[in-house]
Amino acid sequence: MKRIYPLLFFILSCFNTNAQSKYQKDFDTFWDTIYQHYAYLSHQQIDWNKVKELYKPQVATVTSNQDFIRLLENMLIELHNGHSSLNVNLKSSNRLVPSGQDIYAEEKRGKFWVSDVKKGSNAEKAGLKIGAEIVKCNGDSLRKLLPAFLPKFTQHHSNAMKQFALDMLLAGTHDKPRVIEVFFEGRPQIIELDKKVFSDNATPLMEAKLLSKNKAYLKVNNCLWNNDLIGSFDQALDSLINYPILILDLTDTPSGGNSTVARAIMGRFITAPMPFQQHEYDEKDFETKRHWIEYVYPRKKTFQGKLIVLVGHWTGSMGEGMAIGFDSFKKPLVVGTKMAGLLGAIEGFNLKETNINFQIPTERLYHVNGKPRENYTPKIQTTNEVQTWSYILKVK
């Protein structure tokens, strides 16, 4: 019997380890991947070891993939930037920022004010106005709700952390309609942002029209990842290439895209190879860095007139890359608000045990002049899209 008990104990131990190790293994992989490859831990001053200390004990309570997804989502809040995300979500998951966001609000003088509203969004159609003070969301004060979206590794929250938390809160979850209470022009209002399901007709890759006899307009919709956009853009630009002023609208590109599409578009506005962004990658194992400059090459017939590029709070990722690229070309004029500020170039990873995919920025990106892309502001800076268009309509 003395020989049987150790064997039985060993078998039971193996059974328990195998039954409980699935989420623990993926937790360790998730934490380590971010520790090894996330390009901004030191830049954002994130104590990733503290994050492990806070969240690893919680894995013991995880009994399903749904629980584990929620845990990973909470860990990503510690990174407080919309360029880190899972490729799966729950019905109760928060919408992604900025792609699922339709309100840009800011805290000023201890209150929360609507600074911008996404054009064509539920928020705009529900009647939310720029300048409204947001008092409550779904019956609770914003001050009470915001801590859920603030990093837990520190008690000293930066402006970037606070803005991310506010963005996430107002974006809402997939399963719960948002009801906000606001004061606008001295009167209280209750706005049901998701009461109606507005028709979601297929959006074209881009739009082209004339704004005046000498001013043409091209808008790229949220499809900078779609290589079919290149042909559509070429055709539209060719039809407008002789106009003296061209407005290129990148204000609805929150989901980013790929460099091939971006370089193809930018290549129509230069006559010689031009640098458009800098990349930097940490080789942590060797304490070295790789640093290189990405170039754009001319394509087809070049537009010779005055180019004005519009950006805004919903210009994200590759749209932001195009903005700093056009800015480095000197001749184009970039106009609009501060952009989404998404960090770096992303890379995808897989958690083998649960088959959950996630993406994080593994390269830092910079303007040709060395300024971090996320800190770039347009040469003509506005506070919202209304002001941006007010400027454009005056351009002659």
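Residues numbered from 1 in each chain as written. Predicted model: local features only at pLDDT ≥ 70, side-chain atom pairs only at ≥ 80, totals over all residues. Heavy atoms only, no water.

### Observations concerning the packing of helix 8 (residues 259-266) against helix 9 (residues 318-328)
Here is step 1: Packing of helix 8 against helix 9 brings their axes to within 10 Å, and their N-to-C directions diverge by 30°. When you trace helix 8 past helix 9, the crossing you get is right-handed. From helix 8, Ser259, Ala262, Ile265 and Met266 reach across to helix 9, where they touch Met318, Met322, Gly325 and Phe326.
Here is step 2: Residue composition of the contact of helix 8 with helix 9, by class: six nonpolar, two polar and no charged. (Axes fitted to C-alpha atoms, helices over the stretch in contact; angles between N-to-C directions. Helix = DSSP H or I, 4+ residues; strand = E, 2+ residues; numbered from the N terminus. Left-handed = near helix turned anticlockwise from the far one by under 90°. Contact = heavy atoms within 4.5 Å. Nonpolar A, V, L, I, M, F, W, Y, C, P; charged D, E, K, R; others polar.)

### Observations regarding the packing of helix 7 (residues 228-240) against helix 8
Here is step 1: Where helix 7 contacts helix 8, the axes come no closer than 9 Å and their chain directions differ by 15°. With respect to helix 8, the element helix 7 is oriented roughly parallel. Our pair here, helix 7 against helix 8, has a crossing hand that is right-handed. Listed contacts from helix 8 to Leu229, Ile230 and Phe233 of helix 7 are Thr260, Val261, Ala264 and Ile265.
Here is step 2: Across the contact of helix 7 with helix 8, the residue classes break down as six nonpolar, one polar and no charged. (Parallel < 35°, antiparallel > 145°, perpendicular 65-115°, else oblique.)

### Focus: the confidence of the model for the protein chain
Here is step 1: In the predicted model, the protein chain carries a mean pLDDT of 93, and the fraction of residues at 70 or more is 93%.
Here is step 2: Below a pLDDT of 50 lies the segment residues 1-5, which in the model reaches zero contacts outside its immediate sequence neighbourhood of four places, other chains included. (pLDDT = per-residue confidence, 0-100.)

### Description of a nonpolar patch on the surface
Here is step 1: On the surface, Ile293, Tyr295 and Tyr297 cluster together into a nonpolar patch covering about 320 Å² of accessible area.
Here is step 2: Following the sequence through the fold, Tyr295 ends up in strand 12 (residues 288-296). (Patch = residues over 30% accessible without salt bridge, like charges linked within 9 Å, V, L, I, M, F, W, Y side chains within 5 Å. Areas by Shrake-Rupley, 256 points an atom, 1.4 Å probe, with all protein chains shown as cover. Salt bridge = Lys/Arg side-chain N within 4 Å of Asp/Glu carboxyl O.)

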